[in-house]
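Tertiary structure, described
Below are the chains, spelled out letter by letter.
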Amino acid sequence: SKEQNKPTLQGWLTKVRNGHAKKCWCVLIGKMFLYFKSPSDSNPMGQINMRDARVEQVDHVSDSDSEDRDADNAQLTIGIFPTHQGPTYLLMPTKQDKDSWLYHLTVVSGAGPNAGTQYEQLVQKLMESDGDPNCVLWRHPILLHSKDAIVTPLTTLSSESLQAEAIKLFKCCQLFISVAVESAGIDYHVVLAQNALQQCLDQWELQAELLCALVKQTSRHIHQKVGVQVFSKLRHRSLFACDAAAGSPTVGAPPPPPLLDYCKANPPTFAFVQGWQLLALAVSLFVPRNNKLLWYLKLHLQRNADSKTECGKYAAYCERALERTIQNGGREVKPSRMEVLSILLKNPYHHSLPHSIPVHLLNGTYQVVGFDGSTTIEEFLSTLNQEIGCRESGSSGFTLFSDDPIEKDLEHYIEPSAKLCDVISKWETALREKGSGKFENSRVIQLVYKSRLYWRHSAKMETERERLLMCYQVNLQVVNGRFPLTRELALELAALMAQIDFGEFHTDKGRGSGGNLKDLHVLQALDKFYPYRYRDGLTPDALKELETGLQEKWMSLKGRSTLDCVRIYLTCTRKWPFFGASLFQAKWKQAEPQMVWLAIAEDAVTLLDLACMQPLARHPYSAVLTFGGCQEDFMLVVSAEEGLGSQKLLFSLSKPKILEVTVLIADYMNALSHGGTPLAGTLTRGAQPDILKATPDHQLSRSDSKKRLSGRLHASCQCR
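Residues numbered from 1 in each chain as written. Predicted model: local features only at pLDDT ≥ 70, side-chain atom pairs only at ≥ 80, totals over all residues. Heavy atoms only, no water.

**Comments concerning the sheet that holds strand 12 (residues 447-451)**
Strand order in the open sheet formed by five strands is 9-8-12-10-11, with mixed pairing between adjacent strands. Two strands bound the open sheet, and with one partner strand each, they are strand 9 (366-371) and strand 11 (411-413). Sheet twist, expressed as the mean angle between neighbouring strand axes with direction ignored, is 40 degrees. Examined bridge by bridge, strand 10 (residues 398-403) and strand 12 share five bridges and lie antiparallel to one another. Across the sheet, Phe 401 pairs through a bridge with Val 448, a residue of strand 12. Against the sheet, helix 12 (residues 377-388) touches strand 8 (355-361), strand 9, strand 10 and strand 12, its axis set at about 135 degrees to strand 9. (Pairing = 2+ DSSP bridges. Helix = DSSP H or I, 4+ residues; strand = E, 2+ residues; numbered from the N terminus. Axes fitted to C-alpha atoms, helices over the stretch in contact; angles between N-to-C directions. Contact = heavy atoms within 4.5 Å.)

**Structural notes on the nonpolar core**
Of all hydrophobic cores here, the largest spans 96 residues; its most connected members are Leu 400, Tyr 449, Leu 598, Ile 600, Phe 634 and Phe 651. Residue contacts for Ile 600: discarding those within four places in its chain leaves Ala 581, Ser 582, Phe 584, Val 605, Tyr 621, Val 661, Leu 664, Ile 665 and Tyr 668. Counting 67 residues, the second largest nonpolar core, distinct from the first, contains Leu 122, Ala 196, Leu 297 and Ala 315. (Core = buried A, V, L, I, M, F, W, Y, C linked by side-chain atoms within 4.5 Å. Buried < 20%, exposed > 50% of the residue type's maximum accessible area, 1.4 Å probe, protein only.)

**A closer look at the packing of aromatic side chains**
Aromatic ring pairs: the centre-centre distance and the angle between the two ring planes describe each pair. Taken as a whole, this structure holds 19 aromatic pairs when the rule is applied. Taking the centre distance of 5.7 Å and the plane angle of 45 degrees together, the rings of Phe 502 and Trp 554 count as tilted. One end of the pair, Phe 502, is in helix 16 (residues 487-502); the other, Trp 554, is in helix 19 (residues 540-555), with 52 residues separating them in the sequence. Under the relative-accessibility criterion, Phe 502 is labelled partly exposed at 28%. The class for Trp 554 is buried, based on a relative accessible area of 1%. The structure contains a cluster of three or more aromatic residues connected by ring pairs, namely Phe 502, Phe 505, Phe 529 and Trp 554. (Phe/Tyr/Trp six-rings, centres within 6.5 Å; stacked < 30°, edge-to-face > 60°.)

**Considerations on the side chain of Thr 325**
On the secondary structure map, Thr 325 appears in helix 10 (residues 310-328). A polar contact of 2.9 Å, which involves the side chain of Thr 325, links it to the backbone oxygen of Ala 321. What Thr 325 contacts, discounting residues up to four positions off in sequence, is Val 283, Ser 284, Leu 285, Phe 286, Val 287, Gly 330 and Ser 374. (Polar contact = N/O pair within 3.5 Å; in protein donor to acceptor, adjacent residues only side chain to side chain.)

**A look at helix 20 (residues 562-573)**
With 12 residues, helix 20 extends 16 Å from end C-alpha to end C-alpha; this agrees with the ideal 16 Å at 1.5 Å per step. Of the positions making up helix 20, those classed as buried are Cys 565, Val 566, Tyr 569, Leu 570 and Thr 573. Looking straight down helix 20, one finds its buried side chains confined to an arc of 125 degrees; they lie on one side. (Expected span 1.5 Å × (residues − 1). Arc of directions from axis to C-beta.)

**Considering the packing of helix 3 (residues 160-178) against helix 8 (residues 269-283)**
Put simply, helix 3 and helix 8 touch, their axes get as near as 8 Å, and they point 125 degrees apart. Regarding the angle of helix 3 to helix 8, the classification is oblique. Viewed along their axes, helix 3 and helix 8 form a crossing whose handedness is right-handed. Of the residues in helix 8, those in contact with Cys 173, Phe 176, Ile 177 and Ser 178 of helix 3 are Phe 270, Ala 271, Gln 274, Gly 275 and Leu 278. Split into classes, the residues belonging to the contact of helix 3 with helix 8 amount to six nonpolar, three polar and no charged. (Parallel < 35°, antiparallel > 145°, perpendicular 65-115°, else oblique. Left-handed = near helix turned anticlockwise from the far one by under 90°. Nonpolar A, V, L, I, M, F, W, Y, C, P; charged D, E, K, R; others polar.)

**Regarding helix 16**
With 16 residues, helix 16 should reach 22 Å at 1.5 Å per residue; the first-to-last C-alpha distance of 22 Å fits that figure. In the stretch just after helix 16, Gly 503 is the one whose phi turns positive, near 90 degrees.

**Thoughts on the environment of Ile 222**
Among the structural elements, Ile 222 can be located in the loop between helix 5 (205-217) and helix 6 (227-235). By relative accessible area, which is 43% here, Ile 222 ends up partly exposed. The spacing of Ile 222 and Arg 139 is 83 residues in sequence and 7.6 Å in space, taken between C-alpha atoms.

Spatial relationships are all this shows, so hold off on functional conclusions.
This is the structure in structure tokens:
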């Protein structure tokens with residue numbers, strides 16, 4: 001009975017056989033797959049010996065009970081194909097269940113002793129011995145480090161061209177590990193690693209090949225005196241047998257390997273370390289799709305992991321990195337130079353997160369945050385929010401932006417689902433392409449944390465840090481003429497910001513400053529906090545008068561705490577109806593074109609007069625039918641005020657701004673469809689196009705009947 005053995009895996013699954021579906025309690029014990037009516041039953045309804053079965057992920061199987069199943073389940077079906085029975089299909093409730101069952105069923109299944117390459121056959125035999133550490137096959141030369149090139153691929157590949165590439169890939173690994181890393185010429189190793197890993201991302205079949213090559217090249221020849229006897233035995237038996245009894249020679253077996261001098265067979269220690277370094281980079285990008293090779297990779301890491309040796313520490317890190325990649329999925333592009341250097345120059349074992357990067361806050365400070373090769377922007381933001389005292393980004397509306405590698409004053413919103421390492425790598429690639437292949441080592445991506453989505457009703461839940469950062473963000477709007485206010489109010493707000501930023505205004509003369517320090521602070525405050533348009537063209541006397549006015553107002557705030565000043569500043573600025581809205585300057589294309597502000601807020605798109613910033617037209621999201629790029633313009637189609645027909649509005653904007661406006665409106669509309677402020681990760685909009693590549697227009701529509709958001713691609717807008 002199943003109580004006598006410990007199950008590897010168990011759970012409720014839908015079993016389909018001969019066109020009939022039935023929900024069963026399924027249990028995997030050893031190499032036996034059993035299914036029961038309920039968990040309490042001791043006698044199974046049936047069983048399959050997995051040793052004689054093949055396991056595959058298959059397209060969704062239709063059956064009499066589930067013809068109308070959701071198409072999303074198409075990738076959640078596993079097929080078991082026993083040698084002497086009809087197939088059995090298992091329908092999985094979630095992707096996580098599918099991945100787990102597929103892995104464990106594949107590990108215990110049999111694929112025939114002659115299936116695959118010699119390397120894959122050896123892995124199969126090791127699996128049949130349950131990875132027995134005493135199995136002689138661990139010392140087979142095909143599984144161990146080789147100073148010579150390979151003549152055939154380690155894994156099964158579908159074409160001759162891929163097989164040729166696999167042999168070149170192995171040579172690339174040899175080049176990487178045979179030359180010692182030196183800081184002066186480290187770019188040799190950076191470029192080798194990037195090129196090899198990008199090739200594997202472009203041709204997924206080579207991913208398992210590279211991982212197997214690195215497992216082989218990080219497997220030491222063991223120095224022991226019994227080596228001669230071991231291979232003497234191997235001469236008289238199958239190379240693929242792990243039992244103690246001698247077997248008959250395999251027909252057509254290759255000639256016995258030459259006796260190896262184990263001392264000379266191993267390369268210098270640095271070569272093994274560099275092999276582990278390349279493996280550490282690779283497992284952060286992808287995992288082998290062949291579950292038997294994944295089993296072997298996991299076992300290799302487990303056998304080598306320790307906390308004492310340099311190689312053992314890299315192996316332990318690889319274990320963590322592999323599990324993270326399995327959890328979060330693979331990457332899109334090669335690692336950045338920053339990521340490669342981080343792995344090569346320090347052992348990642350010593351850090352729970354091997355990489356770190358500063359995030360710049362609008363108050364002039366920054367926060368250094370750690371991450372690994374699989375960290376998503378959502379995970380990164382969660383860590384950042386905890387460290388700086390902000391709510392989750394889904395509630396606060398604060399998120400990450402990156403600078404543009406080419407345009408000086410352009411910023412890009414980063415999707416929460418993107419992986420930070422991919423974002424950094426794409427940024428580096430765009431910078432290199434701008435420089436015609438030359439790389440500016442001094443320039444790195446700059447991440448900025450600021451508010452993107454704003455909901456008035458959640459203002460009372462803001463943390464102190466959020467309110468402080470919001471002051472600085474509104475101040476940027478004030479200084480750049482994106483906030484309507486009088487000269488007098490501008491001076492009041494500048495004084496408040498000076499008190500927040502510099503602290504108390506000191507009338508004492510600074511030691512050795514000649515009394516000019518306080519004047520310098522006033523000038524700095526004017527420059528940082530007073531609108532450009534109100535100080536441009538001022539005469540020296542008028543500027544002096546302005547300085548005096550700011551100084552007096554600043555002095556009047558003596559004794560006011562930062563919290564007090566933040567509260568007063570926000571209370572005042574929140575009175576503007578478009579506080580928190582994102583403003584975009586655009587040319588409104590009509591009979592008489594005019595420049596306007598597009599104010600994108602939580603409930604509507606409003607057109608504001610460019611000079612006085614008074615509303616010209618307001619279009620609530622409930623009236624928006626379609627929006628997005630249309631050739632060179634941003635298009636907004638709204639239902640006519642009379643309720644009949646529609647009105648098409650066109651605005652001239654730059655390509656990156658068209659994309660930014662489109663995605664922003666989409667996120668606000670999705671938030672409304674979820675009943676207000678969205679939770680992190682609940683937005684249903686399709687994935688954002690890559691900010692650094694040419695993309696089609698992102699045009700989004702509402703159906704008239706359901707008023708639900710749906711993404712549509714139209715025209716040919718390109719984003720840089």
